[in-house]
Amino acid sequence: MSLDPLLRASPVIQIHAVVAFIAMLVGAVQLSRKKGDWLHRMMGRIWVALMAVVALSSFFIWTIRLWWMFSPIHLISVFTLAMLWIGVNHARKHDIKRHMRTMEYTYFLALVVTGLLTFLPGRIMYIVAFGEDGATPQKLEIFGGIVGLAAIIATVIAIVRRRRAGAEAATL
């Protein structure tokens, strides 16, 4: 693994990747902690701003061109911007259930799924993760272990969150 391919990429790709990584971390914290307090609202604003930067910066990345300068990935960016708008509007209207669902789906589709697509062969993050020689069996084993660990952590967070929500509902 080497960050050199990313450091050699254009500044817009570097900004896009770094901000997406920060958004992934902030979003994970946001989804796993208590909702509705001042910190939730502040972190939510930060996350929405980060996600807007990620989506908007993608329109200046043209490494895959299927329609003029754009690709199906740019449709995800349009989707992301629309979902951010919808999610914020749900929060402003105090429709918490829809707000929560919209933001969870946006996190999953716009960061997790799209992030996994950056590891397709030929993409910069693939080269960062596996090097110029590609995904050897040993590298795939290490990468699979990291992805597996991340999946376990996400599952534990989801279980704890569901239990906490169940306990709060039982006390009402």
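Residues numbered from 1 in each chain as written. Predicted model: local features only at pLDDT ≥ 70, side-chain atom pairs only at ≥ 80, totals over all residues. Heavy atoms only, no water.

> Explain the overall build of the chain here, please?
For the chain, the helix and strand inventory stands at seven helices and zero strands. For the chain, the proportion of contacts with a sequence separation of at least 24, taken over those separated by at least 6, is 56%. For the chain, the accessible surface area stands at approximately 11,300 Å², while carbon and sulfur atoms represent 73% of it. (Helix = DSSP H or I, 4+ residues; strand = E, 2+ residues; numbered from the N terminus. Contact = heavy atoms within 4.5 Å. Areas by Shrake-Rupley, 256 points an atom, 1.4 Å probe, with all protein chains shown as cover.)

> Looking at this model, I keep getting lost on the environment of Ala55. Mind explaining?
Within the element layout of this structure, Ala55 appears in helix H3 (residues 38-58). Taking the C-alpha atoms as reference, Ala55 lies 8.1 Å from Ile76; in sequence the two are 21 residues apart. For Ala55, the contacting residues outside a window of four places in its chain are Ser77, Thr80 and Leu81.

> What exactly am I supposed to notice about the packing of aromatic side chains here?
The geometry of two aromatic rings is summed up by the distance between their centres and the angle between their planes. Within the structure shown, the criterion is met by two aromatic pairs. Taking the centre distance of 6.4 Å and the plane angle of 35 degrees together, the rings of Trp47 and Tyr107 count as tilted. With a gap of 60 residues between them, Trp47 in helix H3 and Tyr107 in helix H5 (residues 96-117) connect regions that are remote in the sequence. Each member of the pair Trp47 and Tyr107 is classed as buried. (Phe/Tyr/Trp six-rings, centres within 6.5 Å; stacked < 30°, edge-to-face > 60°. Buried < 20%, exposed > 50% of the residue type's maximum accessible area, 1.4 Å probe, protein only.)

> What's the story with H5 in this structure? I'm lost.
Residues spaced three or four apart along an α-helix face the same direction, because each turn holds 3.6 residues. Between its first and last C-alpha atoms H5 spans 30 Å; for 22 residues at 1.5 Å apiece the expected length is 32 Å, and the two agree. Taken together, the buried positions of H5 are His99, Thr102, Met103, Thr106, Tyr107, Ala110, Leu111 and Thr114. Looking at the buried side of H5, the elements it contacts are helix H2 (11-32), H3 and helix H4 (72-92). (Expected span 1.5 Å × (residues − 1).)

> Teacher, can you tell me more about the packing of H3 against H4 here?
A pair of packed helices can be characterised by two numbers: the angle between their axes and the separation between those axes. Look at H3 against H4: their axes get within 8 Å of each other, and the N-to-C directions meet at 155 degrees. Taken together, the axis directions place H3 and H4 in an arrangement best described as roughly antiparallel. Crossing of H3 over H4 shows left-handed handedness. Contacts between H3 and H4 involve Trp47, Val48, Met51, Ala52, Ala55, Leu56 and Ser58 from the first element and His74, Ser77, Thr80, Leu81, Leu84 and Val88 from the second. Grouping the amino acids of the contact of H3 with H4 by side-chain chemistry returns nine nonpolar, four polar and no charged. (Axes fitted to C-alpha atoms, helices over the stretch in contact; angles between N-to-C directions. Parallel < 35°, antiparallel > 145°, perpendicular 65-115°, else oblique. Left-handed = near helix turned anticlockwise from the far one by under 90°. Nonpolar A, V, L, I, M, F, W, Y, C, P; charged D, E, K, R; others polar.)

> Can you help me understand the side chain of Thr114 in this one?
Along the chain, Thr114 falls in helix H5. Among all residues touching Thr114, those that are not within four sequence positions of it are Ile76 and Leu109.

> Just checking my understanding: could you explain the environment of Met24 for this structure?
Note that Met24 resides in helix H2. Taking the relative accessible area as the measure of exposure, Met24 reaches 28% and is therefore partly exposed. Along the chain, Met24 and Trp47 lie 23 residues apart, while their C-alpha atoms are 8.7 Å from each other. Not counting chain neighbours up to four residues away, the residues in contact with Met24 comprise Tyr107, Leu111 and Val112.

> When you look at the packing of H2 against H3 in this model, what are you seeing that I'm missing?
Between H2 and H3, whose axes approach to 9 Å, the crossing angle comes to 150 degrees. The angle between H2 and H3 places the two elements in the roughly antiparallel class. Crossing hand, H2 versus H3: left-handed. The residues of H3 that touch H2, namely those facing Val12, Ile15, His16, Val19, Ala20, Ile22, Ala23, Val26, Gly27, Val29 and Gln30, are His40, Met43, Gly44, Trp47, Leu50, Met51, Val53, Val54, Ser57 and Ser58. Taken together, the residues that form the contact of H2 with H3 break down as 14 nonpolar, seven polar and no charged.

Spatial relationships are all this shows, so hold off on functional conclusions.
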